[in-house]
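Listed below, chain by chain, are the residues.
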Amino acid sequence: MEHLIIVATCSLNQWALDFEGNLERILESIRIAKEQGATLRVGPELEITGYGCLDHFLEGDTYLHSWEVMCKILQFEEAKNILLDIGMPVAHKNVKYNCRVIILNGKILLIRPKLFLANDGNYRELRYFSAWSPARYVEEYQLPRIIREITGQSTVPIGDAVISTIDTCVGIELCEELFTPNSPNISMGLDGVEIITNSSGSHHELRKLYRRVDLIKEATLKNGGVYLYANQQGCDGDRLYYDGCTLIAINGQIVAQGSQFSLKDVEVITATIDIEDVRSHRSISSRGMQATNTPRYQRIEAPIVLSQTVLNNRILLRLTKPIKEFYHTPEQEIALGPACWLWDYLRRSKMSGYFLPLSGGIDSCATATIVYSMCRLVVEASKNGDTKVIIDARRIAGLNKDSDYIPKDPREFANRLFHTCYMGTENSSKETRERARNLANAIGSYHIDLNMDDIVTSVQTLFNLITNKTPRFRVHGGTNVENLALQNVQARLRMILAYLFAQLMPWVRNQNGSLLVLGSANVDECLRGYLTKYDCSSADINPIGGISKKDLRKFIAYARDEFSIPVLNEFLNATPTAELEPITHDYVQADEVDMGMTYDELSIFGKLRKIEKCGPFSMFSKLVHELELELRPTQIAEKVKNFFFYYSINRHKMTTLTPSYHAEAYSPDDNRFDLRPFLYNATWNWQFEKVDSFANELERKN
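Residues numbered from 1 in each chain as written. Predicted model: local features only at pLDDT ≥ 70, side-chain atom pairs only at ≥ 80, totals over all residues. Heavy atoms only, no water.

Taking an unreviewed UniProt entry as the reference, the protein is identified by name as Glutamine-dependent NAD(+) synthetase belonging to Glomus cerebriforme. The protein has a UniProt comment under Pathway (unreviewed entry) that states "Cofactor biosynthesis; NAD(+) biosynthesis; NAD(+) from deamido-NAD(+) (L-Gln route): step 1/1." Database annotation for the protein, UniProt heading Catalytic activity (unreviewed entry): "deamido-NAD(+) + L-glutamine + ATP + H2O = L-glutamate + AMP + diphosphate + NAD(+) + H(+)". (UniProt positions renumbered as here; feature names shortened; annotations may be inferred.)

Put into structure tokens, the structure is as follows:
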């Protein structure tokens, strides 16, 4: 049985432009793969530079330093006798490409550029790279001098080719290519490629993982073959969290799966596969008919045998059995993804912790609970002996590296780095104040409870002194303009206080550094613009800015039971309110009343606007069928027009939106994901007239 092969794939927590750290993690993954007997190792997309370098991919230094790192890999002793698939950018004839570099025993065998670039949603690869064309075209690449001195090679093939080892054939696919209708794995498989590697920079999005898994299973089910999927894991300096979940599949079945959320910097998974199973799977007559008519790939010879005997030195080979792929629930995804993102951001920013204005409402409650989840993950990793996590925890806690401190209790660890503050006014209720205090006590945060009425009054007094005018709340007879201005004064002062306390609280506690301020505006409020520009929605980062109110409520219910925090039930039963207006015997401010629409409706509008790409008329046309049993066409028309009016007049707020964890496909993030004008003709005359005309016509017919 000399046709068993141990293959390895990995997820690495790479960081944009951290060439030293990225190299360490790459070498560690190679070492682990070798220890586990692998003869083939594949890593994430652009692993040498980190995927999220953005416009740094336009700089010559990025390419120079990438080749310098490649020099170190080529000379790494444990990189011998294993076929390595490494990701880096390569400039060829003054054109920049996103490439895989295939190396073996100190030699470069092939540079394989990406054929189909990701260029929508969060991705802008065409801004930095060109797609290689045409398919199966190969030419010679002139190696840099620093590489020639190591390998003794002057040129190597660059293009769309495959690797032919002594006993099998390996093809390369890059991330987006798997998601295209005519993926390269189809033609490669028909041309006899038996193992396909895929190096990815794929980010987390709620309920998205199944799509990736299904595509990998389908790629190997119809055509047969082994599929190795590698992915980046972690926050590499932006709004995205790359969610790992490395996979190994054979003939439509998953045989190995890595973690989706983890604090590990390096995770390697391996599987022992029987290459004869691929050949048996492909013994179908109709497949053979297509294969004989498939254009041929150039094969680059690799002098290595990937397969091994049953007893290979110290490793007794046993075939890896198929497993059932694992998926987290959306509530678990919210508990884990943003928590890992927060940990990466905190340790890499070299800050001392987080500061959160805790209002007593469900949004800031969710943010606080996610920070507590982060602390739980740190404690768990520390108990498992993750030395990197322990070292980072000591530094963040203000301890020197020689300290023997190990986080053992999430509440104790939270008290060292997490600061919460209830900023009350005369419009605040006793209930929200108590909820904030009880939650802080339950999760262990260092909590401050203050009243800011004197500051609010000072600002109002200054305005009166200058203008001889005294604005009043609506309940006291004021206009809508006065009412809104008085609310915004409170909201914006909270932002100022948040940054003051974030900068000075470590000093107050005889610690070094300062804190990152956390925001708590959810994706639905951002979409509607139901937030004050430069209020507490303005922060350093926001872990829930891409999550809907509906999902946040489900997460809080999950955390209440999973984390044993009974006080969270009080937040679930509370009416969402900004508490910026006076409370009277017959009036209590409520968010959904203020917005003129429910949070559930906002989620529907948001998905139709972004995912389904609907304007006002298209949105109305879809909803009139979905809601025909609940609302009349004219009522649906009013809801659609109301949404687009408020969306358009508040769109300017998205230009200053706090960088938020990307978790939802209908995010209105203006900075990268959702590119639209921020100055609209808010009357939408032409569009709204068509909506009204159609709605009235439908009602006449009914």
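Having put the structure on the table, let's press on.
> When you look at the side chain of arginine 509 in this model, what are you seeing that I'm missing?
Among the structural elements, arginine 509 can be located in the loop between helix H16 (480-508) and strand E23 (516-517). No salt bridge is formed by the buried arginine 509. Its closest oppositely charged neighbour is glutamate 412, at 8.5 Å. Discounting chain neighbours no more than four positions away, the residues touching arginine 509 are Asn415, Arg416, His419 and Tyr446. (Helix = DSSP H or I, 4+ residues; strand = E, 2+ residues; numbered from the N terminus. Buried < 20%, exposed > 50% of the residue type's maximum accessible area, 1.4 Å probe, protein only. Lys, Arg positive; Asp, Glu negative; His and termini not counted. Salt bridge = Lys/Arg side-chain N within 4 Å of Asp/Glu carboxyl O. Contact = heavy atoms within 4.5 Å.)

> Would you take a moment to explain the domain arrangement of the protein for this structure?
Buried accessible area, meaning the area lost when the parts come together, often serves as the stated size of an interface. Entries for the protein in the domain assignment read domain 1 (4-301), domain 2 (330-451 + 497-575) and domain 3 (596-701). On a C-alpha basis, the centres of domain 1 and domain 3 stand 40 Å from each other. Domain 1 puts 14 residues into the contact, and the matching count from domain 3 is 12 residues. Carbon and sulfur atoms supply 44% of the area that domain 1 and domain 3 bury against each other, a total of about 1200 Å² over both sides. The largest contributions to the domain 1 side of the interface with domain 3 come from Asn122, Glu205 and Arg239, which together make up 51% of the buried area. Seen at the junction of domain 1 and domain 3, the total is 1 salt bridge. (Domains from an automatic or database assignment. Buried area = accessible area lost by both parts, 1.4 Å probe.)

> What's the story with the sheet that holds strand E21 (residues 418-424) in this structure? I'm lost.
In any sheet, the strands associate via hydrogen bonds between backbone groups, in a parallel or an antiparallel arrangement. Across the sheet, which stays open at both edges, the 4 strands sit in the order E22-E21-E20-E23 with parallel pairing between neighbours. Single-partner strands in this sheet number two, and they are strand E22 (446-451) and E23. As defined by bridge partners, strand E20 (residues 354-357) adjoins E23 across 2 bridges and the pair is classed as parallel. Along E23, the bridge assignment pairs tyrosine 354 with leucine 516. The strands touched by H16 are E20, E21, E22 and E23; relative to E21, the strand with the most contacts, the crossing angle is about 145°. (Pairing = 2+ DSSP bridges. Axes fitted to C-alpha atoms, helices over the stretch in contact; angles between N-to-C directions.)

> I'm lost on the packing of helix H10 (residues 330-349) against helix H12 (residues 387-396) in this one. Help?
Packed helix pairs are characterised by how far apart their axes lie and by the angle those axes make with each other. In contact at an axis separation of 10 Å, H10 and H12 are set at 60° when each is read in the N-to-C sense. For the element pair H10 and H12, the recorded crossing hand is left-handed. Contact residues: H10 offers Trp343, Leu346 and Arg347, while H12 offers Lys388, Val389, Asp392, Ala393, Arg395 and Ile396. Taken together, the residues that form the contact of H10 with H12 break down as 5 nonpolar, no polar and 4 charged. (Left-handed = near helix turned anticlockwise from the far one by under 90°. Nonpolar A, V, L, I, M, F, W, Y, C, P; charged D, E, K, R; others polar.)

> It is not clear to me how a nonpolar patch on the surface should be interpreted in this structure. Could you clarify?
On the surface, Leu500, Leu504, Trp507 and Val508 cluster together into a nonpolar patch covering about 420 Å² of accessible area. Note on placement: valine 508 falls in helix H16. (Patch = residues over 30% accessible without salt bridge, like charges linked within 9 Å, V, L, I, M, F, W, Y side chains within 5 Å. Areas by Shrake-Rupley, 256 points an atom, 1.4 Å probe, with all protein chains shown as cover.)

> In this structure, what is going on with the pattern of salt bridges? I would like to understand it.
Any two side chains of opposite charge can pair, given that their charged atoms come close. Counting across every chain of the model gives 40 salt bridges. Of the charged contacts in the structure, one is a salt bridge between glutamate 47 and arginine 41, with a shortest N-O distance of 2.7 Å. Judged by its relative accessible area of 0%, glutamate 47 is buried. Judged by relative accessible area, arginine 41 falls into the buried class, the value being 1%. The shortest N-O distance in the salt bridge between arginine 347 and aspartate 344 comes to 3.0 Å. With arginine 347 and aspartate 344 both in helix H10 and 3 residues apart, the pair spans about one turn of that helix. In this pair, the class of arginine 347 matches that of aspartate 344, namely buried.

> Sorry if this is basic, but what is going on with the packing of aromatic side chains here?
Any two aromatic rings considered together are summarised by their centre-to-centre distance and by the angle between their planes. In total, this model carries 27 aromatic pairs according to the counting rule given. A centroid spacing of 5.8 Å and a plane angle of 75° characterise the contact between tyrosine 51 and tyrosine 123, whose relative ring orientation is edge-to-face. Of this pair, tyrosine 51 sits in the loop between strand E2 (40-42) and helix H2 (60-74) while tyrosine 123 is found in the loop between strand E5 (107-113) and helix H3 (125-128), placing the two residues 72 residues apart along the sequence. A single burial state applies to tyrosine 51 and to tyrosine 123, both of which are buried. When the centroid spacing of 5.9 Å and the interplanar angle of 20° are considered together, the rings of tryptophan 132 and tyrosine 137 count as stacked. Tyrosine 137 sits in the partly exposed class, given a relative accessible area of 36%. When the ring centre of phenylalanine 673 is taken as origin, the NZ or CZ atom of lysine 610, which lies over that ring, is 4.4 Å away. (Phe/Tyr/Trp six-rings, centres within 6.5 Å; stacked < 30°, edge-to-face > 60°. Lys NZ or Arg CZ within 6 Å of the ring centre and 35° of its normal.)

> When you look at the UniProt feature "domain: CN hydrolase" (unreviewed entry) in the protein in this model, what are you seeing that I'm missing?
Taken from the UniProt record, the annotation "domain: CN hydrolase" (unreviewed entry) applies to residues 5-275. Between the end C-alpha atoms of residues 5-275 there is a gap of 7 Å, over a span that is 25% helix and 34% strand.

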